[in-house]
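Here are the chains, one letter per residue:
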Amino acid sequence: FRVSCGSLSSTRLKDHHKITKGIFPPIPTIFDQHGRLNQDQIAENVEQLLNENPNLSGLVVLGSNGEYPFLSMEEKKTIWKTVRRSVKNPNHVIIAGSGANSTAETIETTQLAADCGFDAAMVVTPYYYKSMGDLAFEKHYTEVADTSKIPIILYNVPMFTSVELSTPVIEKLARHRNIIGLKESSGDIVKIGSLVQMSRSLQPDEGTFGVMAGSGSYLFPAMAVGATGGVMALANILPKECLRLAQLFRFASQNTKVIAIAMEILRQHKNYSFLSSRSIMP
């Protein structure tokens, strides 16, 4: 059985830089008093949020804040169709949370998101078997990216999954042409800075890779080390404040000397943080 989005089969191609840049609220899924999807309220929330805050880069639909693990495939399709019809401005990016524990289901769900007209898919790590290692994660994401019609954004959220997408694996996956970014929700600013530094070393034939903060609590320090923006639940409640912070930071970051110094400190930290005093003695 395959769920289809019917007439919403065309995706809206966008510059990959744009898809991972700016502020993205991960919208909540709204239910009625009987626990059923409230499509009218979902549509109203989307329209009000974007009409009142047109400078938002877009929305994430069915991220952690959207309670995606509790939804059936049919419910996901209904939500995606509702949101797709409610986003009137073609400049707003819409990203679907399409991760699942199996590679096959992730591929199918990502295909559904593409058929529903979404611009990209944000794919959380498989998390049921905690013994999965780097090679398993690399294989999973590579197969998903190879088959997807829309670009893939990695999603690392160990607070919920209890598994960690490691820096070495992310650096390998970043070189896949169809993997364009990462939502990093560990709160590890050194990791974010290191990945930003890596992303700036990618060759033209390796595409682009944006690193986004996964919480408003560390949006500022993440942007200070080069994050391209953030996906944060707080942006549903304080969108103007999140946008203002990002705007002010972009203005301040024109001081390239400050950014260069910060990146050099991160580079040195990565090189020397694991050396003991004995290892550097003559």
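We now turn to the structure provided with this report.

Each value, and the rule that gives it
- Residues numbered from 1 in each chain as written.
- Predicted model: local features only at pLDDT ≥ 70, side-chain atom pairs only at ≥ 80, totals over all residues.
- Heavy atoms only, no water.
- Helix = DSSP H or I, 4+ residues; strand = E, 2+ residues; numbered from the N terminus.
- Expected span 1.5 Å × (residues − 1).
- Buried < 20%, exposed > 50% of the residue type's maximum accessible area, 1.4 Å probe, protein only.
- Arc of directions from axis to C-beta.
- Contact = heavy atoms within 4.5 Å.
- Salt bridge = Lys/Arg side-chain N within 4 Å of Asp/Glu carboxyl O.
- Pairing = 2+ DSSP bridges.
- Axes fitted to C-alpha atoms, helices over the stretch in contact; angles between N-to-C directions.

1. What to know about helix α5 (residues 134-147)
Okay, so step 1: For α5, with 14 residues, the first-to-last C-alpha span of 20 Å sits near the 20 Å given by 1.5 Å per residue.
Okay, so step 2: Within α5, the full set of buried residues consists of F137, H140, Y141, V144 and A145. Buried residues of α5 fall within an arc of 120° about the axis and therefore sit on the same side. Those residues of α5 that are exposed and aimed more than 90 degrees away from the buried face are L135, K139 and D146.
Okay, so step 3: Against the buried residues of α5 lie α4 (103-115), β5 (120-124), β6 (152-156), α7 (167-173) and β7 (179-184).

2. Description of the pattern of salt bridges
Okay, so step 1: A full pass over the atoms with the stated rule returns seven salt bridges.
Okay, so step 2: A salt bridge links D115 to K149, with the shortest nitrogen-to-oxygen separation between them at 3.2 Å. Of this pair, D115 sits in helix α4 while K149 is found in the loop between α5 and β6, placing the two residues 34 residues apart along the sequence.
Okay, so step 3: Shared partners join several salt bridges into a network, and the residues in it are E164, E184 and K191.

3. Some words on the sheet that holds strand β2 (residues 26-27)
Okay, so step 1: Taken in spatial order, the nine strands make up an open sheet running β1-β9-β8-β7-β6-β5-β4-β3-β2, and their pairing is parallel. Here the strands that pair on one side only, and so sit at the sheet edges, are β1 (22-24) and β2.
Okay, so step 2: Together, β2, β3 (58-61) and β4 (93-97) form the strand contacts of helix α3 (residues 73-86), whose direction differs from that of β3 by roughly 170°.

4. Concerning the pairing of β7
Across a regular strand the side chains alternate sides, sitting on one face of the sheet and then on the other.
Okay, so step 1: Counting buried positions over the six residues of β7 gives six, a clear majority of the element.
Okay, so step 2: Examined bridge by bridge, β6 and β7 share five bridges and lie parallel to one another. Bridge pairing in β7 links I152 to I179.
Okay, so step 3: Note: β7 against strand β8 (residues 210-213), four bridges, orientation parallel. Looking across to β8, one finds that E184 is bridged to A213.

None of the figures reported here should be taken as evidence of function without further support.
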